[in-house]
Protein chains: 2
Amino acid sequence: MMDEFEIYLRAHSHLDGGNIDRIRSLAIPKALRRNEFLLREGEICRYKTFVIKGLLRTFGKTADGSEHILQFSPEHSWTLDAESYDRQQPSCYNIAAIENSEVLLWPKADFDGLLAAIPQLRSFAEQLISRNIYSGRQRLLTALSATPEEKYQEFVQSFPDFLARLPLHMIAAYLGISLKTLTRIRQAQLRR
Amino acid sequence: MMDEFEIYLRAHSHLDGGNIDRIRSLAIPKALRRNEFLLREGEICRYKTFVIKGLLRTFGKTADGSEHILQFSPEHSWTLDAESYDRQQPSCYNIAAIENSEVLLWPKADFDGLLAAIPQLRSFAEQLISRNIYSGRQRLLTALSATPEEKYQEFVQSFPDFLARLPLHMIAAYLGISLKTLTRIRQAQLRR
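Predicted model, so just to flag it, every value in this text is computed and none were measured. (Residues numbered from 1 in each chain as written. Chains lettered and ligands numbered in written order. Predicted model: local features only at pLDDT ≥ 70, side-chain atom pairs only at ≥ 80, totals over all residues. Heavy atoms only, no water.)

Enquirer: I tried to follow the relation of the copies chain A and chain B on my own but got confused; where do I start?
Expert: Both copies of the chain are related through a single rotation about an axis accompanied by a shift along the same axis. Relative to chain B, chain A is turned by 180° and slid 0.0 Å along the rotation axis, the superposed coordinates differing by an RMSD of 0.0 Å. Taken together, the turn and the small shift mark the pair as related by a two-fold rotation axis. A shared interface surface links the copies, since 100% of the contact residues of chain A are contact residues in chain B too. (Least-squares fit on C-alpha atoms with pLDDT ≥ 70 in both. Contact = heavy atoms within 4.5 Å.)

Rendered as structure tokens:
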């Protein structure tokens, strides 16, 4: 189970073997069943989380109980609610498994210790945060400006692998359009 | 002109007088006339920018030429296109003055030097980045889930000071709704 993490770090960071061992020695492996929650609204996000296998989603709920998906987190990606984690305050969001998944968890104190001790981990973490900001901006621009058809098209191009793994209502909840609209768009494309 | 910046840093950071002097000694003051651009799509974002006075907006344009506003930057706030600045690549966004404004600019090399030399500046910059991520998430959730009425209501509550300073079409471009819809919402509220 740990090996996937090492492959990922060797491919994406400048961390050497000794530091990779040190980082993964503090990780707590956890298996999540489909639909199981890693974090619920109102709880404090206590762990930095890396997805080894599977697929998770981060979502908020509105007063009417509807779900709005901020992020999908597939294998070889990180997930957490940054605000709740940084401030150790109750979260406004939920993180749950869409598929049976395997994750690695680092308690905040441990991960903070690693960041302080390993400058290459710190600069890698900063890169990830930056990329998150860039893609968040792009996603906001799309949410503000694109038609439902354009939103779906962009999703298909950005995440072709996700289409077969996600129920349609989750794609709709990610795009901010109704299931009815999404179904109409897909049917129109099939007819072409 | 510099004093505003010192007041801001003393109120919001743990920087001492010596470090504040050092930071501001490298700042280039610049005045922007209303509608003047600080950054145009296709240019590289070369400066970390602090707004002393006035109001700027960051926006993207879509193929049909319409403008979508990602951020308003009033006095005592920072602005830049992070992706273009970090990577020194052409920007996809524009930053322009809505009012006559005064800003301080730090060339990237100078600001990077300050961040490396002053740990308190670095931790202050990290705090700003984090807050940006939290508010970006909240804004995305609103963009995905809220009705036009709710979006306007949230804007009025979050930025009461902006209402009198912004033309309606810019509020609409920030909320991702049409000017017609915004006008209808405001008229309905006045009638109540």
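Enquirer: Would you take a moment to explain the interface of chain A and chain B for this structure?
Expert: Reports of interface size often rely on the accessible area that becomes lost once the parts have come together. Across the contact, 32 residues belong to chain A and 32 residues belong to chain B. Summing the contributions of chain A and of chain B, the shared interface buries around 2800 Å²; its carbon and sulfur component is 61%. In terms of surface lost to chain B, no three residues of chain A exceed Y134(A), R137(A) and L144(A), which account for 28% of the buried area on that side. The interface formed by chain A and chain B holds two salt bridges in total. Taking the shortest distance from any N to any O, the salt bridge between E126(B) and R122(A) comes out at 2.7 Å. (Buried area = accessible area lost by both parts, 1.4 Å probe. Salt bridge = Lys/Arg side-chain N within 4 Å of Asp/Glu carboxyl O.)

Enquirer: Where do I start with the packing of aromatic side chains in this structure?
Expert: Aromatic rings in a pair are described by how distant their centres are and how their planes are angled relative to each other. Summed over the entire model, instances satisfying the criterion amount to 36 aromatic pairs over all chains. Both rings, one in Y8(A) and one in F50(A), keep their centres 4.6 Å apart while their planes meet at 45°; by these two values the pair is tilted. With a gap of 42 residues between them, Y8(A) in helix 1 (residues 3-12) and F50(A) in strand 3 (residues 47-53) connect regions that are remote in the sequence. For the residue pair Y8(A) and F50(A), the accessibility class agrees, reading buried in each case. On the numbers, 5.4 Å between centres and 55° between planes, the contact of F155(A) with Y174(A) is tilted. On the criterion of sequence distance, the pair formed by F155(A) in helix 6 (residues 148-158) and Y174(A) in helix 7 (residues 168-175) is long-range, its members being 19 residues apart. The buried category is assigned to Y174(A), whose relative accessible area is 10%. Ring pairing ties together the aromatic residues F5(A), Y8(A), F50(A), W78(A), W106(A), F111(A) and F124(A), which thus form one cluster. Note that R139(A) overlies the ring of Y174(A), its terminal NZ or CZ placed 3.6 Å from the centroid. Looking at R40(B), its charged tip hangs above the ring of F37(B), at a distance of 3.8 Å from the centre. (Phe/Tyr/Trp six-rings, centres within 6.5 Å; stacked < 30°, edge-to-face > 60°. Helix = DSSP H or I, 4+ residues; strand = E, 2+ residues; numbered from the N terminus. Buried < 20%, exposed > 50% of the residue type's maximum accessible area, 1.4 Å probe, protein only. Lys NZ or Arg CZ within 6 Å of the ring centre and 35° of its normal.)

Enquirer: What am I meant to see in the sheet that holds strand 7 (residues 94-97) of chain B here?
Expert: Paired through backbone hydrogen bonds, the strands of a sheet run either parallel or antiparallel to each other. With antiparallel pairing, the four strands of this open sheet are ordered in space as 2-7-4-5 (chain B). Looking at strand neighbours, the two that pair on one side only are strand 2 (37-39) and strand 5 (67-74) of chain B, the edges of this open sheet. Here the average twist between neighbouring strands, direction ignored, is 30°. Those strands touched by helix 5 (residues 119-145) of chain A are strand 4 (55-61) and strand 5 of chain B, and its axis lies near 125° from that of strand 5 of chain B. Packed on one face of the sheet, helix 7 (residues 168-175) of chain B meets strand 4 and strand 5 of chain B and runs near 105° to strand 5 of chain B. (Pairing = 2+ DSSP bridges. Axes fitted to C-alpha atoms, helices over the stretch in contact; angles between N-to-C directions.)

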